[in-house]
Number of protein chains: 4
Amino acid sequence: MRAVCFAGDGRVEVRSVRDPHVESPTDAVVRVEVAGVCGTDLHLLHDGDDRLPAGTVLGHEFVGEVTEVGAAVTTLGVGDRVVGSDIVACGLCWWCRRGDHWECRERRFFGSGAVFGPALDGAQAEAVRVPFADVSLAALPDAIPADRAVFLADVLPTGYAAARRAGVGPGDVVVVVGGGPVGQMASLAAQTCGAAAVVVSEPIPGRRAVADRLGGIGAPPDDIERLVGELTEGRGADVVIDAVGGDAPLRAAFAAARRRGTIVSVGVPRGPEFALPVDAAFRDELTLGFVIGDPIRHRDELLALVGTDLIDPSPVVTDVVPLQQAGEAYRRAEDGSSMKLLLAGGR
Amino acid sequence: MRAVCFAGDGRVEVRSVRDPHVESPTDAVVRVEVAGVCGTDLHLLHDGDDRLPAGTVLGHEFVGEVTEVGAAVTTLGVGDRVVGSDIVACGLCWWCRRGDHWECRERRFFGSGAVFGPALDGAQAEAVRVPFADVSLAALPDAIPADRAVFLADVLPTGYAAARRAGVGPGDVVVVVGGGPVGQMASLAAQTCGAAAVVVSEPIPGRRAVADRLGGIGAPPDDIERLVGELTEGRGADVVIDAVGGDAPLRAAFAAARRRGTIVSVGVPRGPEFALPVDAAFRDELTLGFVIGDPIRHRDELLALVGTDLIDPSPVVTDVVPLQQAGEAYRRAEDGSSMKLLLAGGR
Amino acid sequence: MRAVCFAGDGRVEVRSVRDPHVESPTDAVVRVEVAGVCGTDLHLLHDGDDRLPAGTVLGHEFVGEVTEVGAAVTTLGVGDRVVGSDIVACGLCWWCRRGDHWECRERRFFGSGAVFGPALDGAQAEAVRVPFADVSLAALPDAIPADRAVFLADVLPTGYAAARRAGVGPGDVVVVVGGGPVGQMASLAAQTCGAAAVVVSEPIPGRRAVADRLGGIGAPPDDIERLVGELTEGRGADVVIDAVGGDAPLRAAFAAARRRGTIVSVGVPRGPEFALPVDAAFRDELTLGFVIGDPIRHRDELLALVGTDLIDPSPVVTDVVPLQQAGEAYRRAEDGSSMKLLLAGGR
Amino acid sequence: MRAVCFAGDGRVEVRSVRDPHVESPTDAVVRVEVAGVCGTDLHLLHDGDDRLPAGTVLGHEFVGEVTEVGAAVTTLGVGDRVVGSDIVACGLCWWCRRGDHWECRERRFFGSGAVFGPALDGAQAEAVRVPFADVSLAALPDAIPADRAVFLADVLPTGYAAARRAGVGPGDVVVVVGGGPVGQMASLAAQTCGAAAVVVSEPIPGRRAVADRLGGIGAPPDDIERLVGELTEGRGADVVIDAVGGDAPLRAAFAAARRRGTIVSVGVPRGPEFALPVDAAFRDELTLGFVIGDPIRHRDELLALVGTDLIDPSPVVTDVVPLQQAGEAYRRAEDGSSMKLLLAGGR
């Protein structure tokens, strides 16, 4: 089959690779209808070092149809339409029982070589093998279009996990630092949790327009203090979600939060340490959390919300291209002009 | 001043009564801009018996301006625009500290004679005296119109309390039994808490249309089972809010709830006992709660939500009439063609 | 092997039955070290009607050692010491993902014929077959003695579910109606959740003494009002757990609860309806919940608490007898003089 | 009257000062029965700089009897036995309504000069003036001895706030870094919240013995990893509470927490920044909170728990001395051999 493979040197190529098959009784194979390109994919191309060997099939977001199931798969059958999760997990261990699938010892992350643990071929391909299929896949109603459903695999639960960890509740004023796909999903999630206003801090006008369209308030970074001040009688935001990662965004998050507020960072850090303003954090009794997201844990509620259009992430999609043109698509993703890029099924 | 008074025999009259003044150091007097007529007022006219003496000034929902404050009032001053609460409470006792102001021993309910405890003149008048003003009143931003703000005094927090007590959360499918003002507010509140769908069961088409306009799904009672079945793969509603009260609505609530679901009744019962289907309730592990509402407890978050238009209850308003025409207005309220009736300020 | 079988007419007999074996790849077989006799067993003997055929192997509480596993069992192996759950469930469906295993369509309850769904041979035997072993069994540290661990299979999680559903929190005053095994476990659970005092209402002096020994306050039913009044400045209990079931206990629960309080019933009702005091329930804004319990959902935290002796249910055990003497043991259980009876392993 | 005054240069003296009187209608005056000496007092003596003028009456923990009330005080009267709070707050503003009294603009901290805002004379004296008496004081049952009740003014709610903010729940394994008074209270609080085990990391053997006596597990710092590993199958602590403050204790907290764990620091930082291990914090999805404590917010539940002896903090008391001997007492507090020092009433 055709698949998007890492070609070394920050590049991808569509290559022919071996068709996937059931290898373990809990596996399923899914023919991919739509696969997403995620910011994580771009990171991997450049920072994956020798843990990402050339030839690795990329991609961890997908919607498709089951074409083969192992003998121990009980909840799915051939022909079922499904949405995946960026990780697979056993569903049985202490961590999985708590809903912390990321910590499962059996966890594997699709399409990332050995960067996040043992390798598992990715989903930017005509088909993908899915271990622990009963846990990792979810049946998908026909009524949900693939260009919405594919967000359930990673980016929507990531933003949602941030809003939930931050405890966003009715009436809260929320700031989201960064209007990329994760930031936009965090904005949607915070609105779903009852935020009275979600201000999305973003320098790029086009992304601010998407924020507005999705029910948030897009604003340039230097306008946040004034805007939040007006919304909160000068107190600052109840919750700030850093959807970028790195020192400057995290500092911006601290600047925007009110005393007793909560900051959640869902962005990958850029170094081992952050100079936490501990004196101010103590005086103001802040809470700071870090979140990766869990498409398995939060799937049922997000499926319900996407199913009734309460959450519609599709305005974030800027490009849908055939799998064959993935090379060109990745270049567009890298230059930043596109927000979310989908690869349409190979067959 | 002019005030809407109970005239005996189920009728009201606009009469001249003594102007209110500060009687205790914690009192304030408010010149009324808008007062609401509530279903409770209609109940009182007919069921108030001898605890509602003729001449009682009615009404417990109001927005207005402070014209006089007692010496111990610290957070408000003359000229402040405020919204009231249907009850006053001390703010200091064990119950108030928990946010259960209804249970405060000092609680008084405006405009209801001795039905709910010691009498306190109502707010369907040119002015109203407000005990415990620091606790009972809230400063109201100019940007919030009176026809929205007046809902903060009773009907919106009542519907909101139902949604919160029921624990409505992201992705829930909710049924509200009854599309009157409280039911519509419960629908808005459930949406704010993240419900994926709120079905409002209501026989009157006009009220179903309001439900639709407010983001819910208006449906006739005999269509609920099918509709909820489709939304929940046949399981039934996660949460059902009975916004009517009485046996039949409560039975309808039990019929709509899924196993392990939650039912909250926010409607006044029609008799001392209800034949609870205890065998089914145990088998299905149901939870049943009763809620009255608390405009003081939930004020800050609701003010924030109304302030940013996340919640706009004004489509429920069918009539705004001058205070002088209250007699005619009450007749329209009684015949059921109007949903929510507001009396515009007397001066 | 030898097993305790229903012999018709409210009696049990120890009979020879066929040894259990793995029938499905997710099964395990467990050699039973200790099995409990539960109030539910006694109910079944008398009320099971034709859904409990003679010859049914009884019992749903057990601790033992795995002797055989199916091909799809991944987390357990032969030789592992385990504690069971009274039910088995798939662990994968919508209900199981929410922790509501009782509602799983694959649920089966050990040793109860067809009373609670499809039959599954019980655990009062030398060995027992356990479907969905990865979900239904838990590895048990050697340090936890069997006479404590066996409570994890049913009676402790049942009492614990009541305390959790009731939301018992630090400082609460709790009344438990009934000092039988479930009531005692509810008392332990409420203490674990931070109750300032747990009053166990119980007419039998010996059971009150057990309540005292387990950290509660045993008191006769007609002393509850006074005692709770002293503990709460006359308000009544924050939480009442009915651990008996039926009309009178539930009425006693309503009598003991304070306004805005929570009542949870964990006892089997005695009829289809209960005359709910709906007027008082509304006026006092009560919450009423029904709970069955879930040994799978609450296992990890209860294992931790039993493992460090924070919860030690063993004082409830009045009799430990060899499996062979089950007939005599059941008679002692029926006459009410024993509280909790354990059957020691067959081999 | 006699009072403990700052005498400059890190020293205190018992001096004659003017008797306190009601100055505002919401004031009360309390004759002090017992006052505590807190670690904060020692900090102030040395780090208070020019914001702590010589002559400042020290102390913020007290139990006593009301001797005078202002005209607007409604819930207390002369002769009432009361326990104070380290801060006073208005009880009416946005922050107070949320239970965040520390953020009240009217907040004042007893006996600390201008270090934490406007000055308010302290309670290590024969009497103390208490602003906002209805909010700041709590009636104290005679049955609770002063040497327990005085903990309600600061150190117990401080430890309790840490446990609550950390979300300690049934079955959790908790580490407390530091076995001083706050650490011991955090241990008691975590136990109340249902912790399966609380390990108190403390180098001083005497403090470890107190930890053991109070139901925790005292252990030297280099034994924590092994001990927690045994309790958690190597995962690490669910919750870590830093009750010391500063870089090394916070680093120790990070070392002890499991992935997805929660760290709460209740100790005063020693500098403006902390080198947060952000990469590990993100990878492990940690949560980090800072807490100061709120004796007003948590008073009712703690009063209930101390009232039924569920929490008995008195083993932490090492010295009770007459107010007159405060100079000597402070010296003993400074040399570290005493844990908690109480000054017995002046008259």
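Preceding block: the structure.
A. Examining the interface of chain D and chain C more closely. Each partner contributes to the interface: chain D provides 16 residues, whereas chain C provides 16 residues. Regarding the contact of chain D and chain C, the summed buried area is about 1100 Å², with carbon and sulfur atoms giving 68% of it. Contact with chain C buries surface across chain D, with Pro170(D), Ala196(D) and Thr308(D) losing the most and accounting together for 41% of the total. The interface formed by chain D and chain C contains 0 salt bridges. Residue assignment for the side of chain D that touches chain C shows that the elements contributing at least two residues are α5 (155–165) and α11 (299–307) of chain D. Here the side of chain D that touches chain C takes 3 residues from α11(D), the largest share from any one element. Considered class by class, the residues forming the side of chain D that touches chain C number 10 nonpolar, 4 polar and 2 charged.

B. Quick look at the interface of chain D and chain A. At the junction of the two partners, chain D supplies 42 residues and chain A supplies 42 residues. The junction of chain D with chain A conceals about 3800 Å² of combined surface from both sides, 55% of it contributed by carbon and sulfur atoms. Three residues stand out in chain D for area buried against chain A, namely Arg260(D), Phe282(D) and Phe290(D), and they jointly supply 19% of the buried area on that side. Applying the counting criterion to the chain D and chain A interface returns 4 salt bridges. Two residues, Arg259(A) and Glu103(D), come together in a salt bridge whose shortest N-O distance is 2.7 Å. Those elements that place two or more of their residues in the side of chain D that touches chain A are α2 (94–97), β14 (257–265), β15 (274–276), α10 (278–283) and β16 (287–290) of chain D. Counting residues per element, the side of chain D that touches chain A draws most heavily on α10(D), at 5 residues. Taken together, the residues of the side of chain D that touches chain A break down into 20 nonpolar, 7 polar and 15 charged. As paired strands, strand β16 (residues 287–290) of chain A and β16(D) are joined by 3 bridges and run antiparallel to one another. Paired with Thr287(A) across the bridge in β16(D) is Gly289(D).

C. Structural context of the sheet that holds strand β13 (residues 237–242) of chain B. Reading across from one edge, β12(B)-β11(B)-β10(B)-β13(B)-β14(B)-β16(B)-β16(C)-β14(C)-β13(C)-β10(C)-β11(C)-β12(C) is the order of the 12 strands in this open sheet, with mixed pairing throughout. Since the sheet does not close on itself, it has two edges, and those belong to β12 (217–219) of chain B together with β12 (217–219) of chain C, each with one partner. Geometrically, the sheet is characterised by an average inter-axis angle of 20° between neighbouring strands, direction not taken into account. Direction of pairing for strand β14 (residues 257–265) of chain C relative to strand β16 (residues 287–290) of chain C: parallel, over a ladder of 4 bridges. Within β16(C), the residue paired with Val264(C) across the bridge is Gly289(C). With respect to the sheet, helix α7 (residues 205–213) of chain B is in contact with β11 (197–201) and β12 of chain B, its orientation differing from that of β12(B) by roughly 165°. Sitting on the sheet, helix α9 (residues 247–256) of chain B touches β10 (173–177), β13, β14 (257–265) and β16 (287–290) of chain B, and the angle it makes with β14(B) is about 150°.

About the criteria used
Residues numbered from 1 in each chain as written. Chains lettered and ligands numbered in written order. Predicted model: local features only at pLDDT ≥ 70, side-chain atom pairs only at ≥ 80, totals over all residues. Heavy atoms only, no water. Contact = heavy atoms within 4.5 Å. Buried area = accessible area lost by both parts, 1.4 Å probe. Salt bridge = Lys/Arg side-chain N within 4 Å of Asp/Glu carboxyl O. Helix = DSSP H or I, 4+ residues; strand = E, 2+ residues; numbered from the N terminus. Nonpolar A, V, L, I, M, F, W, Y, C, P; charged D, E, K, R; others polar. Pairing = 2+ DSSP bridges. Axes fitted to C-alpha atoms, helices over the stretch in contact; angles between N-to-C directions.

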